[in-house]
Amino acid sequence: MKKYQKLFAGLGCWLVFAVFLWGVQQNAGWIHRLDHWGYQLLQPTTPQRTQLFIVITHLGDPILLLPLSLLVLAICWWRHQRGRGLWFAGLQIIGYCLVIAVKYSILRPRPDRKLIPASGFSFPSGHTFATTAFTLAVLAIVWPHLKERWQRVLASLLAACWILLVMASRVYLRNHFTTDVLAGLFLGSGWWFLATAA
């Protein structure tokens, strides 16, 4: 993908994010309908599904992804790819600071009746943002080593499925509204596209 294409893709993602942001700030009816639809899509709640989604949500936790990002930095450093390693770690750390800034600007409360404890504010989903940025960055690092078309298709599908599972876990566990995770997806994707276009 060329740099100008990444720039347009990043700006497009952030434009979609801005629509969600505006809708949340305006307490728009379509936001509530989308939130309800996403929650209903993941029902019913069962003990087995709850345990599965708890594991998935913990694997998408920014607190776990930060040490993994530092591990990628160390591996890149060891392989004399210091610039790539610093880019990767910076993408994660600066990006998550962006999420925190948005959360504390919007101050959207989390949903009621959470299945596991969660603190802080709801919009956008930090788990979704961090998982999206981390997964896309890992994909970018391994992409040149995937020589066959099927390898690239498989890697892309696995990445997309992982991001969607983390998003689903956040809504299922009632730690986020549907629009929070969608906003986190577009904010994280846009951040990745813009960071790689620079």
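Along each chain, residues carry numbers from 1 onward, in the same order as the chain's sequence is written. The predicted nature of this model means local features are confined to residues of pLDDT at least 70 and side-chain atom pairs, given and counted, to a pLDDT of 80 or more, with totals for whole chains, interfaces and linings taken over all residues. As a rule here, side-chain values cover all heavy atoms of the structure and leave hydrogens and water aside.

## A few points about the overall build of the chain
Then comes step 1: Summing up its helical and strand segments, the chain has eight helices and zero strands in all.
Then comes step 2: Computation of the radius of gyration draws on C-alpha atoms alone. For the globule rule, the value is 2.2 Å times the number of residues to the power 0.38. For the chain, the C-alpha radius of gyration of 17 Å lies close to 16 Å, the compact-globule estimate for 198 residues.
Then comes step 3: Each principal axis of the C-alpha atoms in the chain carries an extent, and together these give about 50 × 35 × 30 Å.
Then comes step 4: Here a residue-residue contact requires only that any non-hydrogen atoms of the pair lie within 4.5 Å. Taking the contacts inside the chain whose residues are at least 6 apart along the sequence as the reference set, 77% of them involve residues at least 24 apart.
Then comes step 5: Accessible surface, the chain as shown: approximately 10800 Å² in total, 71% of it carbon and sulfur. By definition, any uninterrupted DSSP run of H or I lasting at least four residues is a helix, any uninterrupted run of E lasting at least two residues is a strand, and each is numbered from the N terminus. Residue burial considers only the protein chains on display, and all accessible areas are found by Shrake-Rupley using a 1.4 Å probe.

## Some thoughts on the packing of helix 4 (residues 62-78) against helix 5 (residues 82-106)
Then comes step 1: Between the N-to-C directions of two axes lies an angle of 0 to 180 degrees, each axis being a line fitted to C-alpha atoms and, for a helix, fitted only over the stretch in contact. For the pair helix 4 and helix 5, the least separation of the axes is 7 Å and the interaxial angle reads 165 degrees. By the angle between their axes, helix 4 is roughly antiparallel relative to helix 5. Two packed elements cross with a definite hand, and for helix 4 against helix 5 that hand is left-handed. Residues Pro62, Leu66, Ser69, Val72, Leu73, Cys76 and Trp77 of helix 4 lie in contact with helix 5, whose contacting residues are Arg82, Arg84, Gly85, Leu86, Phe88, Ala89, Gln92, Ile93 and Tyr96. If an angle is under 35 degrees, it is roughly parallel; if it is over 145, roughly antiparallel; if it lies from 65 to 115, roughly perpendicular; otherwise it is oblique. For a crossing to be left-handed, the near helix must be turned anticlockwise from the far one by less than a right angle; the clockwise case is right-handed.

## Some remarks on unusual backbone geometry
Then comes step 1: A cis amide bond links glutamine 43 with the next residue in sequence, proline 44, at an omega value of 10 degrees.
Then comes step 2: Within the secondary structure, proline 44 sits in the loop between helix 2 (29-41) and helix 3 (47-59).
Then comes step 3: Here the residue pair phenylalanine 123 and proline 124 is connected by a cis peptide bond, since its omega of -5 degrees sits within 30 degrees of zero.
Then comes step 4: One can find proline 124 in the loop between helix 5 and helix 6 (126-142).
Then comes step 5: At arginine 113, a residue that is not glycine, the phi angle is positive and equals roughly 55 degrees.

## Some thoughts on the packing of aromatic side chains
Then comes step 1: For Phe, Tyr and Trp, where Trp contributes only its six-membered ring, two rings pair if their centres lie within 6.5 Å, and the inter-plane angle classes them as stacked under 30 degrees, edge-to-face over 60, or tilted in between. The final tally for this structure, using the stated rule, is six aromatic pairs.
Then comes step 2: Ring geometry for tyrosine 104 versus phenylalanine 121: centroids 5.2 Å apart, planes at 90 degrees, classification edge-to-face. With tyrosine 104 in helix 5 and phenylalanine 121 in the loop between helix 5 and helix 6, this residue pair connects regions lying 17 residues apart in the sequence.
Then comes step 3: Think of it in three bands: residues with accessible area under 20% of the maximum for their type are buried, residues over 50% are exposed, and the middle band is partly exposed, with areas taken using a 1.4 Å probe on protein chains only. Accessibility expressed as a relative area gives 25% for phenylalanine 121, which makes it partly exposed.
Then comes step 4: Relative to phenylalanine 193, the ring of tryptophan 192 has its centre 5.2 Å away and its plane inclined at 70 degrees; by these criteria the two rings are edge-to-face. With respect to class, tryptophan 192 is no different from phenylalanine 193; both count as buried.

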